[in-house]
Amino acid sequence: MSVLIFIDQSDGHVKKSSLEAITYGADIAKQLGIAAEGIVLGTVSDDLTALGKYGISKIHQVNNNALDHVDAQLYAKIIAEAVTLSGAKILVFSHNQTGKAVAARVAARLKAGIVSGACALPDTSNGFVVKKTVFSGKAFANISILSDIKVISLNPNSYQTIAGEGIATIADLNITVAPSRIKVTAINKVSGEIPLTEADIVVSGGRGLKGPENWGILLDLAKELGAATACSRPVGDAHWRPHHEHVGQTGVQVAPNLYIAIGISGAIQHLAGVNRSKVIVVINKDAEAPFFKAADYGIVGDAFEVVPQLTAAIKKMKASV
Amino acid sequence: MKILVCISKTPDTTAKIAFTDGNTKFDEANVQWIINPYDEWYSLVRAIELKEKDAAVSIHLITVGNADSEPIIRKALALGGDEAIRVNSNSNDAYFIATQIASIANEGGYDLIFTGKETIDYNGSSIGGMIAELTDAPFISLATKFELVGTTATITREIDGGEEVADVILPLVVSCQKGVAEQRIPNMRGIMAARTKPLKVVEPTDADTLSSIISFELPPAKAGVKLVAADNVSELVRLLHEEAKAI
């Protein structure tokens, strides 16, 4: 009996959201007094043994470049086989893009109950109950998993990664990989940009910025903070910014440590995409903007004056520490 | 060419979220119900566009829900779609629901199954992947673009830090999000036509329930915003650095 954690990689590098999933899975194993192991698919350039410091003793790897693209069908088959081979009873994913493609599929294959979007360790005092976010972050639900094998996918940025000591052993998993029915023809990655869902800090702009030509002040602030950039729905719809930057109920849901909203009024649909952020700062010239009610810090003022000052003040602060 | 579009009933995006019966049930009082936006704006509209291009396409809608779901499925029919199936069950368990849809999908011989990327109430993102597994079809998640030539679909999907374009030969399950299509408003002709479109009600097939909701919680209220004067931006930086430890 063990916990098996799916380690997601992109271009050979282990994702930050996977480190959270490993820490989370290892903590479940500790709670139950069982082992925690990992599984990674495809070719990886990072040193996998170092992941032992997040609490896993062993990593199963199917080192085959046919798995460098995520095909949910192949992934599910292999992961399910690994669960059976390793005797794992709990399977942990990050609820990131890969997790959303694969976790439920594996669960169906194993006939295992799933909680996707978990945000806390399971309560194992009476059954197996996992807390997850529902209603786009406006509430939580405690869900009991009734099956023998349990699948959990963990919301990114909701569990603290803790590095301790330890080295994991790598075990090659000899599983035949079937040909993929998905033929990848192009991958377009925005180089140099921080993926929105993995960012610690997000700087987001709304209609208050009046037009795409005014985004410079926001980009300067984001650059100074090492932040990802985002926007509200009207901004995405007006093509002021690429639509993948749209944060909200029907766009991307983010949960960074810091979300800075500039010129966004804070409609309930926008809040649904950001209310899992740890700290929210709102800059808006309208003191009545509903966003201030959901914010931790706020400035009532003109973004065109406040934002450049903020960038300068951060630069100054950084220089002094 | 047969397309199955999965439709879910969710509270309106502005609905007040509250719970009753000792926080074990969602409070449905005064809640306005809508078609889950991802199901409606993206997957259903894209299916309709495919039908507009090729009259040989037939669109079936499916929902797993009790009789309360009928206004939603009629609204979906008003947008487009030829007929609808309602599986008469109020289950919240993803595996149970996916098994119902997969059972109908296997019988119906669909070439393409569309779901939204998630429902806005339980945010599970589970049904599409499960249907794909239970029907042994490829699954493309989080699609932002969907094109079809003959039996080859070209799909752009969101991946970490970018997008991936892939070709897949049907049959196929796709979960849709923003980018796949644009929201439409049903017109009067559609609404009238929807009244007479077939809506078949079937009882659920035997399936296991693998999870159950024990209780709900609301997040603790925010302490209230700390306002900083617009001419004192360095104070905000100090607070973010020293108090919030966010920068």
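Residues numbered from 1 in each chain as written. Chains lettered and ligands numbered in written order. Predicted model: local features only at pLDDT ≥ 70, side-chain atom pairs only at ≥ 80, totals over all residues. Heavy atoms only, no water.

Novice: So, the state of the cysteines: which residues are in play, and what are the values?
Specialist: For the structure on display, the rule yields 0 disulfides over all chains. Looking at Cys6(B), it has no disulfide partner, and the nearest cysteine sulfur is the one in Cys176(B), 10.0 Å off. (Disulfide = S-S within 2.5 Å.)

Novice: Explain empty space enclosed by the protein to me, and be specific about the residues and the numbers.
Specialist: Residue and element names in this part refer to chain A. All told, the structure shown has 4 cavities of 30 Å³ or more when counted by the stated rule. Here the largest cavity defines a volume of roughly 460 Å³. Taken together, 38 residues form the lining of the largest cavity, with His 95, Lys 100, Pro 156, Gln 253 and Arg 276 sitting closest to its centre. Taken together, the elements giving at least two residues each to the lining of the largest cavity come down to helix H1 (16-32), helix H3 (97-110), strand E7 (113-118), strand E8 (129-134) and helix H6 (268-274). Residues that form the lining of the largest cavity fall into these classes: 10 nonpolar, 17 polar and 11 charged. (1 Å grid on protein atoms, 1.4 Å probe; cavity = no way out; pocket = protein on both sides within 12 Å on 5 of 7 lines; lining within 4 Å. Points joined across faces, edges and corners; volume = space filled by probe spheres on them. Helix = DSSP H or I, 4+ residues; strand = E, 2+ residues; numbered from the N terminus. Nonpolar A, V, L, I, M, F, W, Y, C, P; charged D, E, K, R; others polar.)

Novice: Quick rundown of the interface of chain A and chain B? Include the residues and the values.
Specialist: A common measure of how large an interface is: the accessible area buried when the components associate. At the interface, 84 residues of chain A touch 79 residues of chain B. Among the ionic pairs, Asp160(B) bridges to Lys15(A), the shortest N-O distance being 3.9 Å. The interface formed by chain A and chain B holds 36 residue pairs in polar contact (both at pLDDT 80 or more) in total. Here the residues of the side of chain A that touches chain B sort into 42 nonpolar, 25 polar and 17 charged. Where strand E9 (residues 139-145) of chain A meets strand E14 (residues 211-217) of chain B, 6 bridges bridge the pair, whose relative direction is antiparallel. Its bridge partner being in E14(B), Phe140(A) is matched across the sheet by Glu217(B). (Contact = heavy atoms within 4.5 Å. Salt bridge = Lys/Arg side-chain N within 4 Å of Asp/Glu carboxyl O. Polar contact = N/O pair within 3.5 Å; in protein donor to acceptor, adjacent residues only side chain to side chain. Pairing = 2+ DSSP bridges.)

Novice: Tell me about the layout of surface pockets, and please be specific about residues and values.
Specialist: Residue and element names in this part refer to chain A. When its volume is computed, the second largest pocket comes out at roughly 930 Å³. Of all the secondary-structure elements, those providing two or more residues to the lining of the second largest pocket are E8, H6 and helix H7 (291-294). Ranked by residues supplied to the lining of the second largest pocket, first place goes to H6 with 3 residues. For the lining of the second largest pocket, the class distribution of residues is 14 nonpolar, 7 polar and 7 charged. Per-domain counts for the lining of the second largest pocket show at least three residues from each of domain 1 (2-172) and domain 2 (196-320). (Domains from an automatic or database assignment.)

Novice: So what's going on with the sheet that holds strand E16 (residues 279-284) of chain A? Residues and values would help.
Specialist: Across the sheet, 6 strands lie side by side as E14(A)-E13(A)-E15(A)-E16(A)-E17(A)-E15(B); this open sheet has parallel pairing. Sheet topology places strand E14 (228-231) of chain A together with strand E15 (226-228) of chain B at the edges, where each strand pairs with a single neighbour. Averaged over neighbouring strand pairs, the angle between their axes works out to 20° when direction is ignored. Strands in contact with helix H4 (residues 216-225) of chain A are strand E13 (201-205), E14 and strand E15 (258-262) of chain A; relative to E13(A), the strand with the most contacts, it is inclined by about 175°. Strands in contact with helix H6 (residues 233-243) of chain B are E15, E16 and strand E17 (297-300) of chain A together with E15 of chain B; relative to E17(A), the strand with the most contacts, it is inclined by about 175°. (Axes fitted to C-alpha atoms, helices over the stretch in contact; angles between N-to-C directions.)

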